[in-house]
Amino acid sequence: MRIPKKLYLFSLVLSFTALLWGQQNEDRLIGFASLANSAQQLKVEKQFDQLIDKDEIDAWMKRLSAKPHHAGSPYGEENTHFIDSLFKSWGYQTEIKTYYPLFPTPKERILEMQVPVQYKAVLEEKAFPEEDPYTAQEGQLPPYNAFSADGDVTAELVYVNYGSLEDYQRLEGMGISVKGKIVIARYGKTWRGVKPKLAYEHGAIGALIYSDPEDEGYVQGKTYPEGPYKNPYAVQRGSVVNAPLYPGDPLTPGYAATKDAKRLKRSEAEALKKIPVLPISYHDAKPLLEHLEGPVAPPSWRGGLPITYHVGPGASKVHLKLVFNWDLTPVHDIIATLKGSAYPDQWILRGNHHDAWVNGARDPIGGLTALLSEAKAIAQLQKEGWHPKRTIKFTVWDAEEPMLLGSTEWVEDHQEELKEKGVMYINTDMNQRGTFSGSGSPTVEKFIAQIAFGVPDPETQTSLGQRKLDELSLNRGKKVDRLTLYPLGTGSDYTAFIHGIGIPSTDLRFSGAVTGEYHTIYDTYPYFKKFIDPGFHYTEAM
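Structure report, in brief. Every chain is numbered independently, its residues counted from 1 as its sequence is written. Per-residue local features are limited, in this predicted model, to residues with pLDDT of at least 70; the limit for side-chain atom pairs, both in listing and counting, is 80 or more; totals at the level of whole chains, interfaces and linings are taken over all residues. With hydrogens and water stripped out, all remaining heavy atoms of the structure feed into the side-chain values.

**A word on the sheet that holds strand 5 (residues 151-159)**
Definition in use: Paired strands, as defined in this entry, are two strands with at least two bridges between them according to DSSP. In DSSP terms, a helix is any run of H or I states spanning at least four residues, a strand is any run of E spanning at least two, and both are numbered starting from the N terminus.
Here we have seven strands laid out as an open sheet, ordered 3-2-10-5-6-7-9, and mixed in their pairing. This sheet does not close on itself; its edge strands, each paired only once, are strand 3 (119-120) and strand 9 (277-280). In this sheet, strand 3 lies alongside strand 2 (residues 102-115) in antiparallel orientation, the contact comprising two bridges. Residue pairing for strand 3: Glu112 is matched across the bridge by Lys120.

Given below as structure tokens:
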């Protein structure tokens, strides 16, 4: 029987990729034909481990998250050239690839309650210049949802809990319709882009999304800057484009957004939202919710605000106006290549993005600094005589936050070559302390499990794999003895590789630590150092 090329290539990658991640304490490593080869691999990995420098990780994080660096920003471009210069200094061949996707930014944002009392929403996050000077910097994108529709609507308000399909079914059972209304939903349970989609499908003409203090605020603990949870003014930014339909540039579906590419009209782009949607703080949500009438919300719908939660409609009538700059924005991907000694046309791809909604210390610099450490260590090993058999491409993506723009456009631009040469894509994104959480193709499950059992967990002094099994066993009330990977949906830069090209992929991260800074102005270097990963122990583990 002829072995499919993809399967053959994938079997080859295992012998190299274990270098990056470690191994389980078995007699022979996956992908190695003999104990002698395994022993040599372990020796190289020990050398690799000794080259990871936490002080250097600290310095890179401070440099890369020093200013706001969203897609198209001046500091984003500075970071591009800084990262490129690092790779060059280590001996990589580099290329900066630029694309021109659609990236809307806010031009006008108005939210005001007209009845029964007048209230104009603040729509800004509070800076704490003494405790965290990063929060007072210029150049911050204000809170908004990318790819919301423009709109100017006035209507009664209806509270829809998390805005899930089950929540709308519950409303229907209560005899309440959102048709012609503006809905307000809290973050959680469903991805943010689903909330306005379902609202539109049920007839709503606008949507608001807020973080309830029960989920992420003072109900959970002290709020920033005293503690890690969301303070009353914190707002989660984020894209609401219809990513499950297709990720990447909404105007060039399936092909790269080059400068001269043929583009759809915005009215033809099915991935764009049909109604205006705006994220707000729980400071701004409180007066809107406390003046709602209608039935008292079901017990499971009641959040942590000091009010009686009503569903509506009635009483609260709001005006929402959103206008966006619909610009084609240059985004810059960095591709750093170390050519393979035996199989140069087989590519191991390792990626993380560099853009952020604001300063982005955890998301994405927490993951990016791990990638940079790996790249430097591997380059040093090569100088000392070790050589990768397959070509390694370290890929640093731009415009991930608006919905995987940089990575998707690059994959679309190189799809035929990737189908022939792509062996495996390894992704990270944000990083923090916590329990190892791996997602990926079923074909890499045993491989990643072996790795997880070979990397020490900084907090428990066991392995990452064993800590995960112990946590699963505790949560399920029975012993779990097999580490499995979660399936890969969408949400980070692996999407185009696995779903667009079919390249075996994995997404690696830690989860479970207390975090309230996600996509806010508070995702800063001081926040990371104090609450996310003091000492950078989990960045080293990554």
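**Here's the deal with the pairing of strand 13 (residues 390-397)**
For the record, the criterion: A 1.4 Å probe rolled over the protein chains alone gives each residue an accessible area, and that area as a share of the maximum for its type sets the label: buried under 20%, exposed over 50%, partly exposed in between. The definition of a right-handed crossover adopted here requires that, viewed with the strands pointing away, the path from the first strand over the helix to the second runs clockwise.
The buried count for strand 13 comes to eight of eight residues, which makes it a mostly enclosed element. Alignment of strand 11 (residues 331-338) against strand 13, held across five bridges, turns out to be antiparallel. What sits directly across from Thr337, in strand 13, is Lys393. As paired strands, strand 12 (residues 343-353) and strand 13 are joined by eight bridges and run parallel to one another. When the sheet's bridge partners are listed, Leu349 is paired in strand 13 with Lys393. Assessed by its sense of winding, the connection that carries the chain from strand 12 through helix 9 (residues 361-383) to strand 13 is right-handed.

**Quick look at the side chain of Asn79**
Test applied: Whenever two N or O atoms come within 3.5 Å, that pair is a polar contact, provided that in protein one can donate a hydrogen and the other can accept it, and provided that, for residues adjacent in sequence, both atoms are side-chain atoms.
With respect to the secondary-structure elements, Asn79 resides in helix 4 (residues 74-90). Residue Asn79 is classed as buried on the basis of its relative accessible area, which comes to 1%. Polar side-chain contacts of Asn79 include one of 2.7 Å to the side chain of Arg63.

**Examining the side chain of Thr495**
In plain terms, the rule: Throughout, a residue-residue contact means that at least one pair of heavy atoms, one from each residue, lies within 4.5 Å.
By secondary structure assignment, the location of Thr495 is in helix 14 (residues 495-501). Look at Thr495 and you get buried, because its relative accessible area is 5%. Among the polar contacts made by the side chain of Thr495, one reaches the main-chain carbonyl oxygen of Ser492 at a distance of 2.7 Å. Apart from residues lying up to four places away in sequence, Thr495 is in contact with Pro247, Leu404, Gly489, Thr490 and Gly500.

**Side note on the nonpolar core**
How we decide: By nonpolar core is meant a set of buried Ala, Val, Leu, Ile, Met, Phe, Trp, Tyr and Cys residues that side-chain atoms within 4.5 Å join together.
Counting residues in hydrophobic clusters, the biggest one holds 127 residues, and the most contacted among them are Phe87, Tyr92, Leu111, Tyr210, Leu289, Leu372 and Trp410. In this structure, Tyr92 is in contact with Phe87, Ala336, Thr337, Leu338, Ala375, Ile378, Ala379 and Phe394, ignoring residues within four places of it in sequence. Formed by 25 residues, the second largest nonpolar core is a distinct cluster that contains Ala370, Ile448, Leu469 and Phe510.

**Digging into unusual backbone geometry**
The step from Tyr224 to Pro225 runs through a cis peptide bond, and the omega angle for that step is 15°. As for its position among the elements, Pro225 is in the loop between helix 7 (213-216) and strand 8 (238-239). The residue after Gly312, namely Pro313, is reached through a cis peptide bond having omega -10°. Secondary-structure assignment places Pro313 in the loop between helix 8 (282-290) and strand 10 (317-328). Phi is positive for Gln461, which is not a glycine, with a value near 60°. Checked against the element boundaries, Gln461 lands in the loop between helix 12 (445-452) and helix 13 (464-476).

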